[in-house]
Each structure stands twice: as C-alpha cells, then as structure tokens.
Amino acid sequence: MRIFFRFAAAWSVAIFVMLSCSSSRAQSVNEAGLRGTVTDTSGAVVPKARVTLTDVATNVAHHTVSDDRGAYAFRALSPATYKMLIEARGFGGVEQENIALTVNQQGILNVTLRPA
C-alpha cells in the first residue's frame with residue numbers, strides 16, 4: 001500500500017511539472033519582442049530616452065526608458081504593426097512607423113536622435 005501512495009505522489013508531481021512547462025512554452029509561442037539602442041549623431045549612447053511603442057490597430061501603448069548603455073527592450077508583445085516614439089532631453093523626437101512584428105520575432109531597431 002505504501003508503494004502505491006509513493007507511486008501516486010511521484011506521478012502527480014511529474015504531471016504537474018509537465019503541465020507547468022508546457023503552459024509556459026505556450027505563452028511565449030504567440031509573442032514578439034523588440035529591442036535596440038538609442039544613440040546620438042556622434043554615436044554616443046543616449047541614456048534615459050523615453051520609448052513609447054503603440055499598437056496601431058488597438059492604440060495600446062507600451063513604455064520603457066533606455067538604460068545607461070542606451071539599450072531598450074519590449075518583451076511579450078502581441079504580433080502586430082506598431083509605431084514608436086523616442087524622446088530625450090536635449091534631442092528632437094523621432095517617430096518610426098510601420099514596425100511589423102510577427103509571431104516569435106525578436107526585432108532589433110536602433111535609433112539615432114538629433115540634437116534639438
């Protein structure tokens with residue numbers, strides 16, 4: 001009888017682990033991402049640039065700020081067409097349009113800002 005309960009407990013744990021792994025994989029299958037670096041015209045990185053990514057169809061906006069290396073990243077995006085606005089103090093804003101992200105795509109979009 002003890003062997004049966006140990007077997008049942010082990011089997012339950014195994015099933016739980018398999019279901020957990022498959023559901024996390026399923027969540028990432030229909031997502032996209034976008035990352036890049038914000039620089040100025042001399043090639044220097046621009047930290048603390050405000051980056052806004054907006055889904056054109058739904059008008060849902062995602063926001064982030066570039067880090068000390070000028071890098072920004074958006075993860076877990078719905079595949080869609082986006083537009084992006086990048087702004088930083090002392091620079092003119094830049095808008096990029098028609099950014100099409102597909103399923104499982106990890107896009108890269110580097111941006112150069114011009115002094116204001």
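Every chain's residues receive numbers from 1 upward, in the order its sequence appears when written. Given that this is a predicted model, residues contribute local features only at a pLDDT of at least 70 and side-chain atom pairs are listed and counted only at 80 or more, while totals for whole chains, interfaces and linings are drawn from all residues. As a rule here, side-chain values cover all heavy atoms of the structure and leave hydrogens and water aside.

### Structural notes on the pattern of salt bridges
Phase 1: Just to be clear on terms, a salt bridge is a Lys or Arg side-chain nitrogen sitting within 4 Å of an Asp or Glu carboxyl oxygen. For the structure shown, the criterion picks out one salt bridge.
Phase 2: For the salt bridge of R69 with D67, the shortest nitrogen-to-oxygen distance reads 3.2 Å.
Phase 3: Per-residue accessibility, obtained with a 1.4 Å probe over protein chains only, is compared with the maximum for each type, and a residue is labelled buried under 20%, exposed over 50%, and partly exposed between these values. Take D67: its relative accessible area is 28%, and that puts it in the partly exposed class.

### As for the nonpolar core
Phase 1: Joining through side-chain atoms within 4.5 Å is the link that ties buried Ala, Val, Leu, Ile, Met, Phe, Trp, Tyr and Cys residues into a set, and such a set is a nonpolar core. Counting 21 residues, the largest nonpolar core has L34, L53, Y72, M84, I86, I99 and L113 as its most contacted members.
Phase 2: The helix count covers DSSP runs of H or I at least four residues long, the strand count covers runs of E at least two residues long, and both are numbered beginning at the N terminus. Secondary-structure elements contributing two or more residues to this core are β1 (32–40), β2 (50–55), β4 (71–77), β5 (80–87), β6 (94–101) and β8 (111–113).
Phase 3: Of the residues forming this core, the biggest block, four residues, is contributed by β5.
Phase 4: Excluding anything up to four places from it in sequence, Y72 contacts L34, R35, G36, T37, V38, V51, T64, S66, M84 and L109. Any two residues having at least one pair of non-hydrogen atoms within 4.5 Å are treated as being in contact.

### Observations concerning the side chain of D55
Phase 1: For D55, the position within the fold is in strand β2.
Phase 2: The buried charged residue D55 lacks any salt bridge partner; its closest oppositely charged side chain belongs to K83, at an N-O distance of 10 Å.
Phase 3: Under this definition, polar contacts are N or O atom pairs within 3.5 Å; protein pairs additionally need one hydrogen-donor-capable and one acceptor-capable atom, and for neighbouring residues in sequence, both atoms have to be side-chain atoms. Polar contacts involving the side chain of D55 include one to the main-chain amide nitrogen of T58, which spans 3.3 Å.
Phase 4: In this structure, D55 is in contact with V60, A80, T81 and Y82, ignoring residues within four places of it in sequence. Counted charges follow a simple rule, with Lys and Arg positive, Asp and Glu negative, and His plus the chain ends left uncounted.

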